[in-house]
Amino acid sequence: ETGVTQTPRHLVMGMTNKKSLKCEQHLGHNAMYWYKQSAKKPLELMFVYNFKEQTENNSVPSRFSPECPNSSHLFLHLHTLQPEDSALYLCASSLTGTRNNEQFFGPGTRLTVL
Amino acid sequence: EDQVTQSPEALRLQEGESSSLNCSYTVSGLRGLFWYRQDPGKGPEFLFTLYSAGEEKEKERLKATLTKKESFLHITAPKPEDSATYLCAVQEGASGGSNYKLTFGKGTLLTVNP
């Protein structure tokens, strides 16, 4: 596996379900990010982890719960979601502390909440 | 107020017809400006980072330039495979700081007809 991988690629869930999204980066980066991408809207940053520590929570509702056990893995636990949470969820990683801190993205998980 | 504004929202070109995409930004201190390409159903693919006014970077048919208020992505003699959404993002803060947040524009949907 290379780059940033995300599973599952597609997820359909009811409003009462609990599910988790998984992200793994194989780039040796130390920072990981969750973004939400909805139609006609810019990418919205949700969470940032730097060396496993959460450094940003962009006023995300508590029904989204991130977990970062190490610098290579990132999870987004979902529970009691609303239909408006349907979107493409993107994970990214970067190497901080250098000038070249471009973020590299995974393919995303397309989430549909019924 | 939007910090990053991309124009046009959509652009349709004939193969070989050169054009430019615009990204204007309003941030107090620019750490970096990033261009990404996104194909339908996929995550954004990193293209360029620009750090200071006057800087230019090229990759195949693409050339990115930066001024103090905006960036242009010039596409020379485009081909149908260049069809995608092009995203611009800015990162604020002085070099060495801990702010890794990217603020994205809504993107420009480019369609190149054969």
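Residues numbered from 1 in each chain as written. Chains lettered and ligands numbered in written order. Predicted model: local features only at pLDDT ≥ 70, side-chain atom pairs only at ≥ 80, totals over all residues. Heavy atoms only, no water.

S.K.: How do you make sense of the state of the cysteines when you look at a structure like this?
M.R.: All told, the structure shown has two disulfides over all chains when counted by the stated rule. Here C23 of chain A engages in a disulfide with C91 of chain A; their sulfurs sit 1.9 Å apart. Because the torsion about its S-S bond is -75°, the bridge between C23 of chain A and C91 of chain A counts as left-handed. Of this pair, C23 of chain A sits in strand β3 (residues 18-25) while C91 of chain A is found in strand β9 (residues 87-94), placing the two residues 68 residues apart along the sequence. With respect to burial, C23 of chain A and C91 of chain A carry one shared label: buried. The partner cysteine of C23 of chain B in its disulfide is C88 of chain B, sulfur to sulfur 1.9 Å. Handedness of the C23 of chain B-C88 of chain B disulfide follows from its S-S torsion of about -60°: it is left-handed. (Disulfide = S-S within 2.5 Å. Helix = DSSP H or I, 4+ residues; strand = E, 2+ residues; numbered from the N terminus. Buried < 20%, exposed > 50% of the residue type's maximum accessible area, 1.4 Å probe, protein only.)

S.K.: Help me understand the pairing of strand β11 (residues 108-113) of chain B, please; the structure alone is not making it clear to me.
M.R.: The two faces of the sheet receive side chains in turn, since in a regular strand these alternate between them. Residue and element names in this part refer to chain B. Burial along β11 is one-sided: the face carrying T108, L110 and V112 is buried and the face carrying L109, T111 and N113 is not. Bridge analysis of strand β2 (residues 10-14) against β11 gives five bridges, and the strand direction is parallel. When the bridges of β11 are listed, L11 appears paired with L110. The sheet contact formed by strand β9 (residues 84-92) and β11 spans three bridges and is antiparallel. The partner of Y86 across the bridge, within β11, is T108. (Pairing = 2+ DSSP bridges.)

S.K.: Hey, could you run me through the pattern of salt bridges in this one?
M.R.: When the charged atoms of two side chains lie near each other, side chains of opposite charge can form a pair. All names here are of chain A. In total, this model carries five salt bridges over all chains according to the counting rule given. Of the charged contacts in the structure, one is a salt bridge between D85 and R63, with a shortest N-O distance of 2.7 Å. Taken as a pair, D85 in the loop between β8 (73-79) and β9 and R63 in the loop between β6 (53-57) and β7 (64-70) lie far apart in primary sequence, 22 residues in all. Judged by relative accessible area, which is 2%, D85 ranks as buried. (Salt bridge = Lys/Arg side-chain N within 4 Å of Asp/Glu carboxyl O.)

S.K.: So what exactly am I meant to see when it comes to the nonpolar core here?
M.R.: Soluble globular proteins tend to bury their nonpolar side chains together. Counting residues in each nonpolar core, the largest one holds 23 residues, and the members touching the most others are L33, W35, L73 and Y86 of chain B. At the level of secondary structure, the elements contributing two or more residues to this core comprise β2, β3 (19-25), β4 (30-38), β5 (45-50), β7 (62-66), β8 (70-75), β9 and β11 of chain B. Per-element tally for this core: the top contributor is β9 of chain B, with four residues. Beyond its immediate stretch of four places on either side in the chain, L33 of chain B contacts C23, Y25, F48, T49, L50, L66, S71, C88, A89 and V90 of chain B. Counting 22 residues, the second largest nonpolar core, distinct from the first, contains L21, M32, L76 and Y89 of chain A. (Core = buried A, V, L, I, M, F, W, Y, C linked by side-chain atoms within 4.5 Å. Contact = heavy atoms within 4.5 Å.)

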